[in-house]
Amino acid sequence: MAVSTTKKVRISRFEREPLLGYVNPQTYLRPSGVELLTPDGNFAVVPYDEVKAVQFVKDFEPPDPASERKVFTTRPKLDGLWVRLKFRDGEVMDGILANNLLLLENQGFTVVPPDPYSNNQRMFLPRAALSELQVLGVVGSPLRTRKGKAKPPAKEQIGLFD
């Protein structure tokens, strides 16, 4: 079943003005670039080597760089891979990458940014925009037991107040 929905995006570009518009989250990644429908109704394909980040935003208002957090101040709570990304222009940011290899795109990575109260809900970062991607930790690993699930005591253990 085809989905006919569009999401608001801000495409940050290296050394150029950002682009605003709408994308279809199912089909916006093309072999040649990011498919964008501008608010004026024009169609464009932005090449991956020009794109720094495709930011899925709540509204088109420009972000306040002073208030927007780029790295986590504490260990994140969201499940996934906690990654540190270094862009080719030297900027560094943290994000949460899905811990599911089936969700990885060939053209880049989709991450959840560190500030849950910012205008950015998630971001697509093309591989061409990154110079380094480092995994800092795995959050919510199914291999470890949760603190709330304690092991039952061994049968040979005597009760202290029985």
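Report on the accompanying structure. (Residues numbered from 1 in each chain as written. Predicted model: local features only at pLDDT ≥ 70, side-chain atom pairs only at ≥ 80, totals over all residues. Heavy atoms only, no water.)

**What to know about the overall build of the chain**
A count of helices and strands for the chain gives 0 helices and 10 strands. Each helix and strand of the chain, placed in order from N terminus to C terminus, yields the pattern β-β-β-β-β-β-β-β-β-β. Burial status across the chain gives 35% buried among its 162 residues. Of the contacts made within the chain by residues no fewer than 6 positions apart, 52% connect residues no fewer than 24 positions apart. In the structure as shown, the chain presents an accessible area of about 11,000 Å², 54% of it carried by carbon and sulfur atoms. (Helix = DSSP H or I, 4+ residues; strand = E, 2+ residues; numbered from the N terminus. Buried < 20%, exposed > 50% of the residue type's maximum accessible area, 1.4 Å probe, protein only. Contact = heavy atoms within 4.5 Å. Areas by Shrake-Rupley, 256 points an atom, 1.4 Å probe, with all protein chains shown as cover.)

**What about the pairing of strand S8 (residues 108–112)?**
Within S8, 4 of the 5 residues are buried, which leaves it mostly tucked inside the rest of the structure. Strand direction decides the pairing type here: S8 and strand S9 (residues 120–126), joined by 4 bridges, are antiparallel. When the bridges of S9 are listed, Val111 appears paired with Met123. (Pairing = 2+ DSSP bridges.)

**Thoughts on the side chain of Thr38**
Of note, Thr38 is situated in the loop between strand S3 (33–37) and strand S4 (43–47). When residues no more than four places from it in sequence are discounted, the contact partners of Thr38 are Leu20 and Gly21.

**As for the pairing of S3**
Buried residues dominate S3, accounting for 4 of its 5 residues. The antiparallel hairpin formed by S3 and S4 contains 5 residues in its connecting segment, where Gly41 sits at a positive phi of about 100 degrees.

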